[in-house]
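As a plain string of letters, each chain reads:
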Amino acid sequence: MVDADLAGLSNNLVLGAVLLYVVAMFGYAADLVSSPTRAERRALVGAGGPELPQEEPEKARADWGRFAIGMTVLGWLLHAGAMVTRGIAVERWPWANMYEFVVAICVAAVTAYLVLVFKAKAKFLGAFVMVAVVIGLGAATIWLYQEAGAVVPALESYWIAIHVTAAIIASGGFTVGFVATLLYLPAARREARKAEGEPKPSLLDRLPSANVLDGLAYKSIMFVFPVWTFAIIAGAIWADEAWGRYWGWDPKETWSFIVFAIYAGYLHARATAGWKGRKAAVVSVIGYAALLFNLVGVNIFFEGLHSYSGM
Amino acid sequence: MGVTGWLRWGWRQLTSMRTALVLLFLVALASVPGSIFPQRGMSPEKVNEYFENSPELAKWLDRLSLFDVFAAPWFAAVYLLLFTSLAGCVVPRAWQLYGHVRARPPKAPQRLGRLPQHGEFTTSATPDEAVEAARKVLRARRFRTVVDGDSVASEKGYLGEAGNLLFHLAMLALLCAIGLGSLFGYRGNLLLTEGTGFSNSVAFYDEYKPGHLVDPEDLAPFQVTLDDFKAEFITSGPQTGQPSGFWGDLTYREKPGAAEKRYTLRVNHPLDVDGAKVYLLGHGYAPTFKVTDAEGNVAFNDAVQFIPRETGNLTSEGVLKTPDARPEQLAFQMMFWPTAGASRDGVAIVSTFPGPLNPTVAVMAAFKGDLNMDNGNAQSVYEIDSTKLEMVKLPEEAKVLKVGDKLELPGGAGTLEFTGFKEYGALTVTYDPGRVPALVAGALAVLGLVGSFMVRRRRVWVRARAGDDGRTVVEVGGLTLGAATAEFDEILTELRPDDDEGRAERSDDSEPVPTGPIKE
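All values reported here derive from a predicted model rather than from experimental measurement. Sequence order sets the numbering: in each chain, residues are counted from 1 along the sequence as written. Each chain is given a letter, starting from A, and each ligand a number, starting from 1, according to the order in which they appear as written. The predicted nature of this model means local features are confined to residues of pLDDT at least 70 and side-chain atom pairs, given and counted, to a pLDDT of 80 or more, with totals for whole chains, interfaces and linings taken over all residues. Where side-chain values are given, they derive from all heavy atoms of the structure, hydrogens and water being excluded.

*Asks:* A description of the interface of chain A and chain B should follow, citing residues and the corresponding values.
*Replies:* When the parts come together, some accessible area is lost, and that loss is often what is quoted as the size of the interface. A contact between two residues is defined here by any heavy atoms of the two lying within 4.5 Å. Facing 50 residues of chain A, the contacting portion of chain B comprises 51 residues. When two components associate, each loses some accessible surface as probed by a 1.4 Å sphere; the sum of these losses over both components is called the buried area. Across the chain A to chain B interface the summed buried area is about 4200 Å²; carbon plus sulfur atoms make up 68%. Its largest share of buried area at the contact with chain B, chain A owes to A:Pro153, A:Tyr246 and A:Trp249, together 15% of the area lost on that side. When a carboxyl oxygen of Asp or Glu is within 4 Å of a side-chain nitrogen of Lys or Arg, the pair counts as a salt bridge. Our enumeration of links across chain A and chain B arrives at 3 salt bridges. A salt bridge links B:Arg435 to A:Asp240; the nearest nitrogen and oxygen atoms lie 2.9 Å apart. What qualifies as a polar contact is a pair of N or O atoms within 3.5 Å, subject to a donor-acceptor requirement within protein and to the restriction that residues adjacent in sequence count only when both atoms come from side chains. Our enumeration of links across chain A and chain B arrives at 12 residue pairs in polar contact (both at pLDDT 80 or more).

*Asks:* Run through the side chain of B:Gln39, naming residues and quoting values.
*Replies:* All names here are of chain B. What counts as a helix is a DSSP run of H or I of at least four residues, what counts as a strand is a run of E of at least two, and both are numbered from the N terminus. Locating Gln39 in the fold gives a position in the loop between α2 (17–36) and α3 (44–53). Only protein chains enter the area calculation, which uses a 1.4 Å probe; residues under 20% of their type maximum are buried, those over 50% are exposed, and those in between are partly exposed. Assessed through its relative accessible area of 4%, Gln39 is described here as buried. Here the side chain of Gln39 touches Val69 through a polar contact of 2.9 Å, landing on its backbone nitrogen. Setting aside residues up to four positions removed in sequence, Gln39 forms contacts with Pro33, Gly34, Pro44, Val47, Leu66, Phe67, Asp68, Val69 and Phe70.

*Asks:* Explain helix α5 (residues 73–102) of chain B residue by residue, including any values.
*Replies:* Residues and elements named next belong to chain B. Residue count minus one, scaled by 1.5 Å, sets the expected span of a helix. Here α5 contains 30 residues, and its C-alpha end-to-end distance of 43 Å stays within 8% of the 44 Å for a straight helix at 1.5 Å per residue. Within the sequence span of α5, burial applies to Phe75, Ala76, Val78, Leu82, Phe83, Ser85, Leu86, Gly88, Val90 and Leu97. Each element contacted by the buried residues of α5 is listed here: α1 (3–14), α2 and α7 (158–184).

*Asks:* Break down the sheet that holds strand β5 (residues 197–199) of chain B for me, with residues and values.
*Replies:* Residues and elements named next belong to chain B. Strands were regarded as paired on the criterion that DSSP finds at least two bridges between them. Ordered in space as β5-β7-β8-β9, the 4 strands form an open sheet in which the pairing is antiparallel. Of all the strands in the sheet, the pair left with one neighbour each is β5 and β9 (261–265). Neighbour-to-neighbour, the strand axes of the sheet open up by a mean angle of 25 degrees, direction not taken into account. In terms of strand pairing, strand β8 (residues 243–253) meets β9 through 5 bridges, oriented antiparallel. Directly across from Thr251, in β9, lies its bridge partner Arg262. Fitting a line to C-alpha atoms yields each axis, with helices limited to the stretch in contact; the angle taken between N-to-C directions then spans 0 to 180 degrees.

*Asks:* Could you give an account of the pairing of β8(B), naming the residues involved and the relevant values?
*Replies:* As paired strands, strand β7 (residues 223–233) of chain B and β8(B) are joined by 10 bridges and run antiparallel to one another. By the bridge assignment, B:Gln223 is partnered in β8(B) with B:Arg253.

*Asks:* Account for the pattern of salt bridges, with residues named and values stated.
*Replies:* Overall, the coordinates contain 29 salt bridges over all chains when judged by the stated rule. The shortest N-O distance in the salt bridge between B:Asp150 and B:Arg463 comes to 3.7 Å. One end of the pair, B:Asp150, is in the loop between β2 (144–148) and β3 (151–156); the other, B:Arg463, is in strand β23 (residues 458–466), and 313 residues separate them in sequence. Since its relative accessible area comes to 39%, B:Asp150 is described here as partly exposed. Since its relative accessible area comes to 12%, B:Arg463 is described here as buried. Overlapping salt bridges bring together A:Asp240, A:Glu241, B:Lys277 and B:Arg435 as one network.

See the structure below:
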């Protein structure tokens, strides 16, 4: 039933992906540190460019960034390969327990990040996304690891492909949105302080403006919020097939609803006077905390029908 | 401020976005205890356990409805307020949208150059021709257009707001669907042993939960028989004992006298019959016994459903009562291990596998006397009322029975023979008329969300006037609700003639800064 060699290969691919992500993380860090601050960038543009002596560091910077993105893409390939080989090894969709689920969410997060790199020039998020993904994969490998194996009959349904995939994509997107929000909060505070006077230089000056960070977070969350809603509805359809009711306030259902409500609140808050900015961002951080709790905490602390985690 | 004034003020507060936000967060917060404390609707046995372990605390929690959070008055208060607020916000906006769709696009502002997106070019066409050309381009892009002399006004993207409204209305519809289910739906649970059947009526259910407006006479009159039940388990490797499949072979009739049909009931594959659904949610063992009473007559010869005490290896407990035994009635309290083996420390018997490799029964206690079943009170089949019973002392070695073994009660009080075992399926029958409406509402909600996030309302105006040099100067301005798209630049490129010599300003797209929503 289980192809042990392939399962072993999958585990090694995860380790390989983690290594490459760590390397990428340092690459992004080097890129960030050597990048010009926003003030310098404006000065560069103002001076009208090509004859400036800053040519050299500018080139080195581009290389660090390109190197880091290359490492990320390579890591992503291994990472996705790990997921695929696991699936082939166990002859089913490879997200039926917590270990597989977290590995898949990390794939989704890196995918979401890469999409943002190419669509919205979001390379600066790289170091932070890599930190989140390395922590996620590390936790999955150390604490959540499950031997490759068959699943209980309740999980043998094509709905696992629909419901869980949607939950994974949404969680990946929320992760990237969360990272952007975490950067937005200090960036916004710094800009507010800057309005009062010139504070000490900081790494934050090398990141885009708070406005851009906020926009990125909003875009990511806005994109995956319908996906999360769809995941809940697909889960309800599956629950109706498997348990005889589409909604029963099982702890996992309850918390997925809580996550839905908080992010819905965020999307509204962002467009509401008095909530815009910091407050909305805090709501989104709480939403992500609820998402994480739903992912891990609910399986550890509560007894419910979603007891597939093997914990 | 009079009464109406206060009412109007209250309504405005309730339907304001801030109130809605606070209520939304309150609903989320109010759900949390529902996941912390055991809930009656899902696991009543856990609630009872809570009451046994900490009766004082449980009493207080119960007063606050913390064991029925999702049916609690305070929970209902929060979500009803939220939905009222939502309705109060969405319905007027739906009217507003209807008005916008029927009204013409607003006239071009005086200075198009002040709009967030704008451009200007010259053309050899006359102003009228330029306006007409612009109208055609916008029309081809499915903008609604109106020409006002020297300018054309256009608008597009009502689907965004429509999607937004659709999502919120779908949420209201979802609440109604859930309400429909809780009024007219029902749910019945029963354990069905191989070779037996049931009719869909209240009498057959171990547990029956009707909606508030369900007439027990109106249950769909289908009949189901469980012909055979199979459970398979993984037999080797680290996952030994994990189930790999359950099947229940059913014969059923839609109504008495209807043609017999067959169905294999499995987890994730419920049976649809006459609007109701039959689910297989669990399984267990029903050992069979033959009891001979003191007079030598067979007082019992049937299967007894045992309840699993643990789901891993199905160690089960059960009770056998023989009201027909004479002169004294008999009762037995027993354990069943599908695969009996020694515990790790070797002192006790445990079940080491959920499949029936070594089915064994142990008689924990035997009673004789009066079962106290004639007093008219309903008695649980899983419990013995020992008030009028006398415990029979059993010899230690006689307590454990393999299939075919007999236990002779001391003093010729009777005989218990373990004759074999059957399996049973734990079935649930549900009927929920809100199921399909809820699904439709859910699908519309997602559709609405996608629409509201993908489509933005935008307006484009074009004005043409004769320039000083004989060429026509064309001004273009655009306004988008939410982040601007590249569409405006495309339109500008499309409009500009090849011989344009003037400097064409384009919308500023140097940094991907999303502009905030533009107030109308």
